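Architecture and fold: a report
Each chain is listed here by its residues.
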2 protein chains.
Amino acid sequence: MARTTGSHSDITGPRIRETALRLFARHGFAAVSMRQIAGEVGVQAGALYNYMPDKQSLLFGLMQGHMQELLYESAARTIAADIIARLEDFTRFHIRFHLEKPDAVFISYMELRNLTPENFAIIEGLRRSYEDTLESILRDGSASGVLDVTDTKIATLAVIAMLNGVNTWYRDDGRLTLDEIETIYWDMVRKAVVPNQPIGSD
Amino acid sequence: MARTTGSHSDITGPRIRETALRLFARHGFAAVSMRQIAGEVGVQAGALYNYMPDKQSLLFGLMQGHMQELLYESAARTIAADIIARLEDFTRFHIRFHLEKPDAVFISYMELRNLTPENFAIIEGLRRSYEDTLESILRDGSASGVLDVTDTKIATLAVIAMLNGVNTWYRDDGRLTLDEIETIYWDMVRKAVVPNQPIGSD
DNA sequence: GTTTTATCTGAACAAACGTTCAGATAGCTT
DNA sequence: AAGCTATCTGAACGTTTGTTCAGATAAAAC
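Residues numbered from 1 in each chain as written. Chains lettered and ligands numbered in written order. Predicted model: local features only at pLDDT ≥ 70, side-chain atom pairs only at ≥ 80, totals over all residues. Heavy atoms only, no water.

When helices and strands are tallied, chain A shows nine helices and zero strands. Each helix and strand of chain A, ordered N terminal to C terminal, gives the series α-α-α-α-α-α-α-α-α. Across its three principal directions, the C-alpha atoms of chain A cover 80 × 40 × 30 Å. Within chain A, the fraction of its 202 residues that count as buried is 46%. Roughly 10200 Å² of accessible area belongs to chain A as shown, and the carbon and sulfur atoms make up 52% of that amount. (Helix = DSSP H or I, 4+ residues; strand = E, 2+ residues; numbered from the N terminus. Buried < 20%, exposed > 50% of the residue type's maximum accessible area, 1.4 Å probe, protein only. Areas by Shrake-Rupley, 256 points an atom, 1.4 Å probe, with all protein chains shown as cover.)

The structure is reproduced here in structure tokens:
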């Protein structure tokens, strides 16, 4: 046997990436074999190498694609003049985007150590670019006095870590709607970085 | 050759666990071989099986030990009457404990998917027990009006996610002391869950 | 209808995997 | 000094790994 009926590059290619993304997220990069991916796609392992030079490139491509899409979508948003509005928009966008692509988010955080040093540096650079969009909001707000953060870099990482936490517990059939979740988190983020005057503090 | 000079169970055993912990944290459970662990310890791979039935048990033992120590240390703390004091104590304890054992923390979060279902259930149970200590603080504070959280469960996970984020960027030779870091995070945690009255809000 | 090209198979490769075990010996016990 | 036992070696096992490639064929081009 050889080329199978209905075989097409523009069908098999995406299916390989979808399958790899799902399997990597579920079992981890190192625990998933090329034969396993090929099996779920419906081809032999050798066929995968028409679409990638090696397994490492497959992982890197998935992570790079995800980070670039994140940056693109993030940059495409209109920037409000109001700092608080910008922060709220970032918060809601981050939660929504990350909940839409849990697998890609998962591997982009968990499989960093399986990248070659060169690939790792590229992905880290993309991540830092994204973090910078939040950090510049916090820095601008801090400078104008609208926000009150002790250390903008730490606050940036703290807020992102908190928001990323949603992915660990969110379920589609949960008791809260996406909008309710966004609002709860936005409430906490806002309070954490806005200058406040605690009620009942002595 | 056979038994080597100075070979002892109470030396080799801990060294195997230390080495495995470090390698699992650095490269991932699936990517680390028994021969690799044995090589760094200075024995042959077969010798490892005097200390564990299989590789899975090694991973589970490390995670279980870590979680039990976390729970033990957490439970050993004196419980203040004041809710705010309890929350501050939890925050500072969590950061300090987790920064002291970055490798154990790392694998306890990252390698959950490499546990058998039975082992996974046990570790998840331990984690939930720990989360409950924070949730009960937030619930008590919410009931008495000292705290203001929309959803105690979400707030619990959000705070823990935020605090865990420290481990991703902390370096021993960083520009901030441990106490300064604790204070910055405690400031954000407190503001996020305390009822407040924003300054300059219209 | 023929030729060309893109796509896949199926077998093969050396290397690495977790695990087992008979045999050897260092160190403790007596 | 002799015997015992805990500890380790070194080889072996059957699988599985990522990757390569000659050969086969469906689909596209002409």
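Let us look at the protein's contact with DNA strand D. In the vicinity of DNA strand D there are 29 residues, among which A:A2, A:Y49, B:S9, B:Q44 and B:Y51 approach most closely. Across the atoms of DNA strand D situated within 4 Å of the protein, the share located in sugar and phosphate is 63%. Contact between DNA strand D and A:V32: a phosphate oxygen at 3.4 Å from a main-chain N or O atom of the residue. For DNA strand D, a phosphate oxygen lies 3.3 Å from a polar atom in the side chain of A:S33. Across the surface near DNA strand D, the residue classes break down as nine nonpolar, 14 polar and six charged. (Near = heavy atom within 4 Å. Polar contact = N/O pair within 3.5 Å; in protein donor to acceptor, adjacent residues only side chain to side chain. Nonpolar A, V, L, I, M, F, W, Y, C, P; charged D, E, K, R; others polar.)

We now examine helix α3 (residues 55–75) of chain A. Working note: α-helix, 3.6 residues per turn, so residues spaced by three or four point in the same direction. Its 21 residues place the ends of α3(A) 31 Å apart at the C-alpha level, agreeing with the 30 Å of an ideal helix rising 1.5 Å per residue. Taken together, the buried positions of α3(A) are occupied by A:Q56, A:L58, A:L59, A:F60, A:L62, A:M63, A:H66, A:M67, A:L70 and A:S74. (Expected span 1.5 Å × (residues − 1).)

Let us look at the interface of chain B and chain A. Contacts between chain B and chain A engage 39 residues on the former and 39 residues on the latter. For the pair chain B and chain A, the summed buried area comes to about 3300 Å², and 62% of that belongs to carbon and sulfur atoms. It is B:R113, B:I154 and B:K191 that lose the most area in chain B upon contact with chain A, and together they represent 21% of the buried surface on that side. On inspection of chain B and its partner chain A, the count reaches six salt bridges. In terms of residues, the side of chain B that touches chain A owes the most to one element, helix α9 (residues 178–193) of chain B, which gives eight residues. Grouping the constituent residues of the side of chain B that touches chain A by class yields 23 nonpolar, seven polar and nine charged. (Contact = heavy atoms within 4.5 Å. Buried area = accessible area lost by both parts, 1.4 Å probe. Salt bridge = Lys/Arg side-chain N within 4 Å of Asp/Glu carboxyl O.)

Moving on to the pattern of salt bridges. Residues and elements named next belong to chain A. The tally for this structure, following the rule as stated, stands at 34 salt bridges over all chains. The partner of E135 in a salt bridge is K153, and the shortest N-O contact between them spans 3.7 Å. Pair noted here: E135 is in helix α6 (residues 117–144) and K153 is in helix α7 (residues 152–164), with a separation of 18 residues, a long-range link. Ionic contacts of the salt-bridge type, sharing partners, join the residues E88, R92, R96, D179 and E182 into one network.

Moving on: the relation of the copies chain B and chain A. When chain B is fitted to chain A, the residual RMSD is 0.1 Å, and the transformation amounts to a turn of 180° plus an axial shift of 0.0 Å. Such a combination of turn and shift is consistent with a two-fold rotation axis. Looking at chain B, 100% of its interface residues are interface residues in chain A too, so the copies touch through the same face. (Least-squares fit on C-alpha atoms with pLDDT ≥ 70 in both.)

A word on the protein's contact with DNA strand C. The local shell around DNA strand C holds 30 residues, among which A:S9, A:Q44, A:Y51, B:A2 and B:G6 are the closest. The contact in question runs from a phosphate oxygen of DNA strand C to an N or O atom on the backbone of B:M34, over 2.9 Å. B:K55 places a main-chain nitrogen or oxygen 3.0 Å from a phosphate oxygen of DNA strand C. At the level of secondary structure, the elements contributing two or more residues to the surface near DNA strand C comprise α1 (9–27) of chain A together with α2 (34–41) of chain B.

Tallying each qualifying case throughout the model produces eight aromatic pairs over all chains. Measuring from centroid to centroid gives 5.6 Å for A:F93 and A:F97, while their planes differ by 40°, and the two rings are tilted. You can see A:F93 and its partner A:F97 sitting in helix α4 (residues 83–100), four residues apart, about one turn around the helix. Each member of the pair A:F93 and A:F97 is classed as buried. When the ring centre of A:F29 is taken as reference, the NZ or CZ atom of A:K55 above it lies at 4.4 Å. Directly above the ring of B:F97 sits B:K101, whose terminal nitrogen or CZ lies 5.0 Å from the centroid. (Phe/Tyr/Trp six-rings, centres within 6.5 Å; stacked < 30°, edge-to-face > 60°. Lys NZ or Arg CZ within 6 Å of the ring centre and 35° of its normal.)

Moving on to the nonpolar core. Counting residues in hydrophobic clusters, the biggest one holds 116 residues, and the most contacted among them are A:F24, A:I37, A:Y185, B:F24, B:I37 and B:Y185. Setting aside residues no more than four positions away along its own chain, B:Y185 makes contact with A:I154, A:A158, B:T91, B:I95, B:M162, B:L163, B:V166 and B:W169. (Core = buried A, V, L, I, M, F, W, Y, C linked by side-chain atoms within 4.5 Å.)

A separate point is the domain arrangement of chain A. Interfaces are often sized by the accessible area lost when the parts come together. Residues and elements named next belong to chain A. With domains assigned, chain A is organised as domain 1 (9–52) and domain 2 (54–193). Domain 1 and domain 2 are separated by 27 Å when their C-alpha centres are compared. With 15 residues of domain 1 in contact, the opposing surface of domain 2 contributes twelve residues. In total, about 1200 Å² of surface goes out of reach between domain 1 and domain 2, with carbon and sulfur atoms giving 78% of it. Considering only the surface of domain 1 that becomes buried against domain 2, L21, A25 and F29 emerge as the three largest contributors, covering 47% of it. The interface formed by domain 1 and domain 2 contains zero salt bridges. Inspection of the region where domain 1 meets domain 2 yields three residue pairs in polar contact (both at pLDDT 80 or more). The set of elements that each furnish at least two residues to the side of domain 1 that touches domain 2 consists of α1 and α2 (34–41). Ranked by the residues each element gives to the side of domain 1 that touches domain 2, the list is headed by α1, at seven residues. Looking at the side of domain 1 that touches domain 2 residue by residue, the class counts come to twelve nonpolar, one polar and two charged. (Domains from an automatic or database assignment.)

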